Amino acid sequence: MDSHTVLYQLIIRQLQDDGFHQAAHAVSSSAMVIPPSKEMFERNHLANMLMPSAKNKKGAGASSVGALLSAQEDVSLDLDEEYEGPPLTSTYSTAFITTHKNECRVARFSQDGQLVATASGDSSIKLIDVARTKLYASAVEGHGHGHGSNLPRPVVRTYYDHTDAVNDVAFHPTAEVLVSCARDASIKCYDYSDSSKRAFRFIPDSHSMRSLDFHPSGDFIVAGTDHSMIRLFDVATFTAYVSPHVSDHHYASVNSVRYARDGSHFASGSMDGTIRIYDPVTHRCVQYIPNAHVGSEVFSVEYSTNANYIVSAGEDGCARVFDLRMGTQVKCFGRAEQNSVRFVSLPPLFLSLLPCSVLLAPCLLSCVLSLFRLV
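Just so it is clear, the structure is predicted and the values come from calculations on it, not from any experiment.

**Re helix 1 (residues 3–17)**
Item 1. With 15 residues, helix 1 ought to run about 21 Å at 1.5 Å a step, and its terminal C-alpha atoms sit 21 Å apart, in line with that.
Item 2. Among the residues of helix 1, those classed as buried are Thr 5, Val 6, Gln 9, Leu 10, Ile 12, Arg 13, Gln 14, Leu 15 and Asp 17.
Item 3. Just downstream of helix 1 lies Gly 19, where phi reads positive at about 90 degrees.

**Things to note about unusual backbone geometry**
Item 1. Its identity is not glycine, yet Ala 185 carries a phi of approximately 60 degrees, on the positive side.
Item 2. Among the residues examined, Ala 185 registers a relative accessible area of 14% and is labelled buried.
Item 3. In this structure, Asn 291 is a non-glycine residue whose phi angle is positive, near 50 degrees.
Item 4. Inspection of the secondary structure puts Asn 291 in the loop between strand 17 (285–289) and strand 18 (298–303).
Item 5. Given a relative accessible area of 53%, Asn 291 falls into the exposed group.

**Digging into the sheet that holds strand 21 (residues 328–333)**
In a beta sheet, neighbouring strands are held together by backbone hydrogen bonds and run either parallel or antiparallel to one another.
Item 1. Strand order in the open sheet made by the 4 strands is 18-19-20-21, with antiparallel pairing throughout. A strand with exactly one partner marks an edge of an open sheet, and here the two such strands are strand 18 and strand 21. On average, adjacent strands in this sheet sit at an angle of 25 degrees to one another, irrespective of strand direction.
Item 2. Sheet topology places strand 20 (residues 319–323) next to strand 21; 5 bridges connect them, and they run antiparallel. Following the sheet pairing, Val 321 is matched in strand 21 by Lys 331.

Definitions and cut-offs
- Residues numbered from 1 in each chain as written.
- Predicted model: local features only at pLDDT ≥ 70, side-chain atom pairs only at ≥ 80, totals over all residues.
- Heavy atoms only, no water.
- Helix = DSSP H or I, 4+ residues; strand = E, 2+ residues; numbered from the N terminus.
- Expected span 1.5 Å × (residues − 1).
- Buried < 20%, exposed > 50% of the residue type's maximum accessible area, 1.4 Å probe, protein only.
- Pairing = 2+ DSSP bridges.
- Axes fitted to C-alpha atoms, helices over the stretch in contact; angles between N-to-C directions.

Shown next, in the form of structure tokens:
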């Protein structure tokens, strides 16, 4: 982790400690730095470093910053640099587990990382407060499972408005709106600022919906369906657009679509085993990765924050990292199990793939969603 990232995280934490949460979010979004967890820095860490209590401690602030930056080095996986040290390892602890009545098909973070939405084959959607999962985990660790029942439950909303399995969800970049798509050939929009369990807007389609994502501006939604043509919806009018260029389309159903964090491109993964990169203005395919998972179906794609990398999950049981500048694979997280890897999700503002404070682990064949902390 570079010094600028740590500095921005210190500033964000200090703003949070002082009650300036909107300013902290603005810095986090502008600098594209994930907010630090409460365990990373003690309260008023930055203020204490910059204002030592005694004169003879002059310069201690600078040395403390230097020591902190030194301690933070080599914590993350930076694919832009060669790493020659020992293998990077992390210890995981379970923060919270929630269940659906059927398989958990997707889980995604909100833009500020404070909420997680999960969707299931039972047609339900759950909205989870990440901060509450941490409180719940701390209570269970300190006092046992009985004590955690006295705290506010991490699941803050449950929506039942689709009539078939929900395949994907996405948070609006700025508004308190969650959208979902399902096998019932529809997109639904929910306002999670109120307690309503029903969608306030509905977009029908001719095919089962498999994936969707918001443009960073919030003005457009890109969607993949059982059809090979990717849809682009104008949020203001909900008019749908498709590219007239046949050569730019996939040859089978589109399983996953995701925008780059800067909106410069969007990526798609398909049942035809390919990953395609599109220009969102012209809707033309500008990059093509054939046989991304050695010919197997591509289930999920996700951009790194700097948009230089694509992380994909496939039927071959692997999560793979592709460098879009070279068009080649740079990492393959091999199959620890014999099951397909269905979905990959990275927290927002995630620069270097690792580390993060919370990881999502939905399983294709499981009704359990686990939230993990990297410790």
